[in-house]
Amino acid sequence: MRDLYNVRLRPTEAEVGVAPLTDEEEQRFRAVLFSELGNKIADQGYARFPAYTPEDRRRLVDVAQRLTAHWGQQVFVEAEDLTRLRLHLAGHEARPQTRPTPS
């Protein structure tokens with residue numbers, strides 16, 4: 001077994017004091033998400049993006065709503081796991097993963 005030296009726990013967000021984005025930074029970030037995710041969804045019907053915090057998830061839901069209004073076609077949002085959301089058009093839902101059956 002390996003011994004780990006000088007290993008420390010990372011401080012939590014509350015300990016670090018993460019500074020929120022300014023209004024201008026928030027608008028620019030949402031515009032970039034709208035453009036980049038919109039292009040990816042238009043190309044392949046879906047896009048995945050990390051969402052580590054509730055604010056990240058709110059941004060992605062807002063982007064999906066803006067894309068829906070822009071395209072006139074519903075953009076759906078679903079959680080793939082605890083840290084990632086999937087935005088997709090109808091017909092591009094995630095396929096349920098099936099487990100192999102024992103023989």
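This is a predicted model, so every value here is computed, not measured.

### With respect to the overall build of the protein chain
- Tallying secondary structure elements over the protein chain gives 3 helices and 3 strands in all.
- In sequence order, the secondary structure elements of the protein chain are arranged as α-α-β-α-β-β.
- Each of the 103 residues in the protein chain was classed as buried or not, and the buried ones make up 23%.
- Contacts spanning at least 24 positions in sequence make up 56% of the contacts within the protein chain whose residues lie at least 6 apart.
- For the protein chain, the accessible area works out to roughly 8500 Å², and carbon and sulfur atoms hold 52% of it.

### Regarding the environment of Glu36
- One can find Glu36 in helix 2 (residues 23-44).
- Expressed as a C-alpha distance, the spacing of Glu36 and Ala47, which sit 11 residues apart in the sequence, is 9.4 Å.

### Re the nonpolar core
- Of all hydrophobic cores here, the largest spans 14 residues; its most connected members are Leu37, Ile41, Leu60, Leu67, Val75 and Leu87.
- Those residues in contact with Leu67 that sit more than four places away from it in its chain are Phe34, Gly38, Ile41, Gly72, Gln73 and Val75.

### Examining the pattern of salt bridges
- In total, this model carries 11 salt bridges according to the counting rule given.
- Three or more residues are tied together by salt bridges with common partners; here these are Glu26, Arg30, Glu55, Asp56, Arg58, Arg59 and Asp62.

Criteria and thresholds
- Residues numbered from 1 in each chain as written.
- Predicted model: local features only at pLDDT ≥ 70, side-chain atom pairs only at ≥ 80, totals over all residues.
- Heavy atoms only, no water.
- Helix = DSSP H or I, 4+ residues; strand = E, 2+ residues; numbered from the N terminus.
- Buried < 20%, exposed > 50% of the residue type's maximum accessible area, 1.4 Å probe, protein only.
- Contact = heavy atoms within 4.5 Å.
- Areas by Shrake-Rupley, 256 points an atom, 1.4 Å probe, with all protein chains shown as cover.
- Core = buried A, V, L, I, M, F, W, Y, C linked by side-chain atoms within 4.5 Å.
- Salt bridge = Lys/Arg side-chain N within 4 Å of Asp/Glu carboxyl O.

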